[in-house]
Amino acid sequence: MSRPETLADWQALAKSLSYETRAFIDDEFVPAESGETFATVNPATGETLAEVASCDAPDAERAVDHARAAFARGDWSRLAPGKRKRVLLRLADLMEAHQHELALLDTLDMGKPVSSSLGDMSGAIACFRYQAECIDKLYGEVAPTGEEALALVLREPLGVVASIVPWNFPLMMTAWKVAPALAAGNSVILKPSEKSPLSALRLASLAREAGLPRGVFQVLPGFGHTVGRALALSMGVDCLAFTGSTAVGKQLMKYAGDSNLKRLYLECGGKSPNLVFADCKDLDRVARHAAEAIFHNQGEVCIAGSRLLVENSVRETFIDGVIEAAAAMQPGDPLDPESFMGAMVDETQHRRVLDFIRRGREEGARLRTGGDALPGPGYFISPTVFDGVTPQMAIAREEIFGPVLAVFGFDSEEEAVAMANDSPYGLAAGLWSQDIDRIMRVTRRLESGQVFVNNWAGGDQTMPFGGVKQSGNGRDKSHHSLEEYSELKSVWMSLAT
């Protein structure tokens, strides 16, 4: 498929698409056992794209049985690492060959700009390739002993992994969860968000084409309170990996405890601080980056730089720069490669963000720009900046998951760090300064799983992604995620003397 270049190209490609809407269980596309479906809707137009199988507990039970059978069979779990590597590299190649189709599915399904979706595809493909290349480079250990024994520490796959992924980066988040779990030799059951299931189902067909054995990778579309709950409570699931809200993460912890104490990896909410000190070399450039940190992907980003902390001596000038940058980031047609922002994922999220904007006004924050819903069709909201925010306000404490920026001022390094850490979350933080001593001090003191210094959201597949406090306990990307999906086995062999 040649690369679409223009709005007209993407519109033409969209008209040619067909959608797989059935669950993928034991290498076959099948309807939900109940026959129930749900509508997946294009949030830019309000039009229904497809009716998708709505899986529930019986479908989860079937998938778990097939996943356990596949694991016991061993044609993936005990396959030589180099052979697993080749299969996953083939899958990455197929994803690359179909990247425009996959990107378009995510754009139509959840409203993000297609240029952003293409970037997600690059990340997803890179993740599969990185984890595939790690497979035959993850060593066990020989422990130090005397001559009378040989002590080995082996790494083995966990068994059945259930991955529950969000709607904001549908296929990229899928890759972050699925690639390392498969690379480690596990059977994987994927539950995509009901708001963005289409690319996951297309991935299933590519995985089959790549040569993954029956039952090793399955996809169950449906709702969290039905099929998601069933997977979390299943005694046949050995590990649950989740990206989503902190409230749901806490519920999944209860389910894991109520079932089989399954291993649980959570990547949850964020309310990330972005600290700007007056000694920055180019404040206009930093202001553009600060705007991108919150308005990228319509603000529907777990690490969105939603709390902007600016040294008071430059705050007014800096906010002017952010507002100027925001003016060039207005929402547009997601199929237009020139659009920076697209539509909110659905009507519910659209109403939620507008409600937070209303509360910000009522609580006394000063609206500097935006705050408007764009006329329909579709669920569009303009980039919104509030100044004069205090730490007690809802827009300062709660994860909005929309294009809403809360700006604070500070006078000292101590005050900035205290404000930054005044949150139940700790997923990401940003720091802009030219003072290396300050950078080292503040980086150490920020309560965050990730700190971006003089950038926002930097990193590649070699860097782990995850948070602290109520932002979760798991790590995606890097070889650390591959280690999470494996089990350690200690073997002590007594030797004849």
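Residues numbered from 1 in each chain as written. Predicted model: local features only at pLDDT ≥ 70, side-chain atom pairs only at ≥ 80, totals over all residues. Heavy atoms only, no water.

Chemist: With reference to specific residues and values, describe the sheet that holds strand 14 (residues 366-369).
Modeler: Overall, mixed pairing links the seven strands, which are arranged 14-15-16-13-12-18-19 in an open sheet. In this open sheet, the two edge strands, each paired with only one partner strand, are strand 14 and strand 19 (451-453). Strand after strand, the sheet turns through a mean of 25° between neighbouring axes, direction not considered. As paired elements, strand 14 and strand 15 (residues 384-387) share three bridges and run antiparallel to each other. (Pairing = 2+ DSSP bridges. Helix = DSSP H or I, 4+ residues; strand = E, 2+ residues; numbered from the N terminus. Axes fitted to C-alpha atoms, helices over the stretch in contact; angles between N-to-C directions.)

Chemist: Explain the pattern of salt bridges to me, using residue names and the numbers behind them.
Modeler: Counted by the stated rule, this structure contains 34 salt bridges. For Lys137, the salt bridge identified is with Asp136, shortest N-O distance 3.0 Å. Looking at Lys137, the relative accessible area reads 48%, which means it is partly exposed. Residue class for Asp136 comes out partly exposed when judged on its relative accessible area of 33%. The partner of Asp320 in a salt bridge is Arg368, and the shortest N-O contact between them spans 3.3 Å. Of the two residues, Asp320 is situated in helix 11 (residues 315-327) and Arg368 in strand 14; the sequence distance between them amounts to 48 residues. Among the residues examined, Asp320 registers a relative accessible area of 42% and is labelled partly exposed. On the basis of relative accessible area, Arg368 is assigned to the partly exposed category, the value being 22%. Counted as one network, the salt bridges with shared partners bring together Glu316, Asp320, Arg366, Arg368 and Asp387. (Salt bridge = Lys/Arg side-chain N within 4 Å of Asp/Glu carboxyl O. Buried < 20%, exposed > 50% of the residue type's maximum accessible area, 1.4 Å probe, protein only.)

Chemist: Any details on the state of the cysteines? Residues and values, ideally.
Modeler: Simply put, the disulfide is a covalent bond whose two ends are the sulfur atoms of two cysteines. Throughout the structure, instances matching the rule amount to zero disulfides. Left without a disulfide partner, Cys127 is nearest to the cysteine sulfur of Cys134, which lies 9.6 Å away. (Disulfide = S-S within 2.5 Å.)

Chemist: Could you give me a rundown of the nonpolar core, with the residues and numbers involved?
Modeler: Ranked by size, the top nonpolar core spans 104 residues in total, and within it Met95, Phe128, Phe217, Ile303, Leu308, Phe318 and Val322 carry the most contacts. Among the elements that take part in this core, helix 6 (residues 170-183) stands out by supplying 10 residues, more than any other. By size, the runner-up hydrophobic cluster in this structure holds 30 residues, among which are Leu309, Phe356, Tyr379 and Phe386. (Core = buried A, V, L, I, M, F, W, Y, C linked by side-chain atoms within 4.5 Å.)

Chemist: Before we move on, could you go through the sheet that holds strand 6 (residues 149-157) and cite the residues and values that matter?
Modeler: The three strands are arranged 5-6-21 in an open sheet whose pairing can be described as antiparallel. Strands at the two margins of the open sheet, each flanked by one partner only, are strand 5 (141-143) and strand 21 (486-494). The sheet shows a mean angle of 25° between the axes of neighbouring strands, taken without regard to direction. Where strand 6 lies against strand 21, nine bridges are found, and the strand directions are antiparallel. Bridging from a neighbouring strand, Leu150 pairs with Met493 of strand 21.

Chemist: An account of the side chain of Asn297 is requested, with residue identities and associated values reported.
Modeler: For Asn297, the location among the structural elements is in the loop between helix 10 (283-295) and strand 13 (307-311). A relative accessible area of 1% places Asn297 in the buried class.

Chemist: Report on unusual backbone geometry, specifying residues and quantitative values.
Modeler: In the segment running from Gly376 into Pro377, the intervening peptide bond is cis, with an omega of 5°. Among the structural elements, Pro377 can be located in the loop between strand 14 and strand 15. The phi torsion at Asn454 lies on the positive side, around 55°, for a residue other than glycine. Checked against the element boundaries, Asn454 lands in the loop between strand 19 and strand 20 (468-469). Note on Asn454: relative accessible area 27%, which makes it partly exposed. For Lys469, which is not glycine, the phi torsion reads 55° and is therefore positive. Mapped onto the elements of the fold, Lys469 is located in strand 20.

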